[in-house]
Amino acid sequence: MNPQDILNFWFNELTPADWFAKSDALDKTIRKRFGEVLVACAAGECWHWRADDAAGAGTGGLGRLAEILVLDQFSRNVYRDDARAFAQDPMALALAQEAVARGVDRAMEASQRAFLYMPYMHSESPVVHDEAMRLFDQPGLETNYDFEVKHRDIIVRFGRYPHRNAMLRRASTPSELEFLSQPGSSF
C-alpha cells in the first residue's frame, strides 16, 4: 500500500457525499482494503510517507495527507461506534499541525486542505478550535467552516463532544443528555 492508493480511493473512488455518510457497506470496504494500513499508521510505521514534505519534493505533503486520512477518517469507518475510532486523533492532529507549520497545506487543493485540517475539528481542545477557525476560514472551505463553527460551539458549551461519551465510557451530564436528544446533535 502506498499513499497514492489512499488518495485515489478517497478523492477519486468516493464522492463527497460518501465522506460523511454513515454506511455499513463503506465501513466494510475500508476495513477490508485499509484495515491493515490503519494498524501500521497507528503504530507509526508509515513515517516514510512524510518524506514528500521536504522543500522541492514536488508532491506538497500528499503522503502526510494520506497518513492523516487513514488515522483521522478511516479510523472512524473501521472502528465505527467504538472508542478506537478516536484513538488515533492525537497523532493525526500532530501530523496536521506539523504540516501547517511547514506550510505544506498552502499547495493543496481546497478539498485536500479540508481533510488535512479535519483533525483540528475533531479535537476536544478549545485552543485547537481557535486555530481551526482560522484554518477553515478560507475560500473554498466555506461549508467546512460552517461545520467547524458548530463543532467549536459544542466544545465551548460542554468542553467535549457529548456524542462520544458512551463510546468513551464517560458519564453524560443532564445538559449533555438533553442536547443529545436534539436532532442533529451528533452530526
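Residues numbered from 1 in each chain as written. Predicted model: local features only at pLDDT ≥ 70, side-chain atom pairs only at ≥ 80, totals over all residues. Heavy atoms only, no water.

For the chain, an unreviewed UniProt entry supplies the name Membrane protein and the organism Pseudidiomarina atlantica.

S.K.: I tried to follow helix α6 (residues 110–122) on my own but got confused; where do I start?
M.R.: Helical geometry: 3.6 residues make up each α-helical turn, so side chains three or four residues apart lie on a common side. Its 13 residues place the ends of α6 18 Å apart at the C-alpha level, agreeing with the 18 Å of an ideal helix rising 1.5 Å per residue. Roughly 35° is the biggest bend found in α6, and it falls at Leu-116, with proline Pro-119 one to four residues downstream. Burial analysis of α6 places 11 of its 13 residues in the buried class, the great majority of the element. (Helix = DSSP H or I, 4+ residues; strand = E, 2+ residues; numbered from the N terminus. Expected span 1.5 Å × (residues − 1). Bend = angle between axes of the 7 residues up to and from the residue. Buried < 20%, exposed > 50% of the residue type's maximum accessible area, 1.4 Å probe, protein only.)

S.K.: I tried to follow the pattern of salt bridges on my own but got confused; where do I start?
M.R.: Where charged atoms from two side chains of opposite charge come close, those side chains can pair. What the rule picks out here adds up to 13 salt bridges. Arg-64 is the salt-bridge partner of Glu-98, the closest N and O atoms lying 2.9 Å from each other. Of this pair, Glu-98 sits in helix α5 (residues 89–102) while Arg-64 is found in helix α4 (residues 62–78), placing the two residues 34 residues apart along the sequence. Residue Glu-98 is classed as partly exposed on the basis of its relative accessible area, which comes to 36%. Overall, the relative accessible area of 1% leaves Arg-64 in the buried class. Arg-76 serves as the salt-bridge partner of Asp-89, at 2.9 Å between the closest nitrogen and oxygen. Of this pair, Asp-89 sits in helix α5 while Arg-76 sits in helix α4; the two residues are 13 residues apart in sequence, bridging distant segments of the chain. For Asp-89, a relative accessible area of 11% translates into the label buried. You can call Arg-76 buried: its relative accessible area is 14%. It is possible to trace a salt-bridge network through shared partners that takes in Asp-72, Arg-76, Asp-89 and Arg-164. (Salt bridge = Lys/Arg side-chain N within 4 Å of Asp/Glu carboxyl O.)

S.K.: Got a minute to help me understand the packing of aromatic side chains in this structure?
M.R.: In this description, a pair of aromatic rings is defined by centroid distance and the angle of the planes. Under the criterion given, the structure shown has 12 aromatic pairs. Between Trp-10 and Phe-74, the aromatic rings sit 5.6 Å apart at their centres with planes inclined by 50°, giving tilted as the arrangement. Of the two residues, Trp-10 is situated in helix α1 (residues 3–13) and Phe-74 in helix α4; the sequence distance between them amounts to 64 residues. Here Trp-10 falls in the buried class, since its relative accessible area comes to 1%. (Phe/Tyr/Trp six-rings, centres within 6.5 Å; stacked < 30°, edge-to-face > 60°.)

S.K.: Would you take a moment to explain the side chain of Ser-75 for this structure?
M.R.: Along the chain, Ser-75 falls in helix α4. The exposure class assigned to Ser-75 is buried, which follows from its relative accessible area of 0%. There is a polar contact of 2.6 Å between the side chain of Ser-75 and the backbone oxygen of Leu-71. (Polar contact = N/O pair within 3.5 Å; in protein donor to acceptor, adjacent residues only side chain to side chain.)

S.K.: Explain the packing of α1 against helix α3 (residues 24–42) to me, please; I cannot follow it from the model alone.
M.R.: Close contact between α1 and α3 brings their axes to 11 Å; oriented N to C, the two are set at 165°. The angle between the axes of α1 and α3 places the two elements in the roughly antiparallel class. Here the hand of the crossing between α1 and α3 comes out left-handed. For the pair α1 and α3, the contacting residues are Asp-5, Ile-6, Phe-9, Trp-10 and Glu-13 in the first and Leu-26, Thr-29, Ile-30, Arg-33, Phe-34 and Val-37 in the second. Residues belonging to the contact of α1 with α3 are distributed by class as follows: 7 nonpolar, 1 polar and 3 charged. (Axes fitted to C-alpha atoms, helices over the stretch in contact; angles between N-to-C directions. Parallel < 35°, antiparallel > 145°, perpendicular 65-115°, else oblique. Left-handed = near helix turned anticlockwise from the far one by under 90°. Contact = heavy atoms within 4.5 Å. Nonpolar A, V, L, I, M, F, W, Y, C, P; charged D, E, K, R; others polar.)

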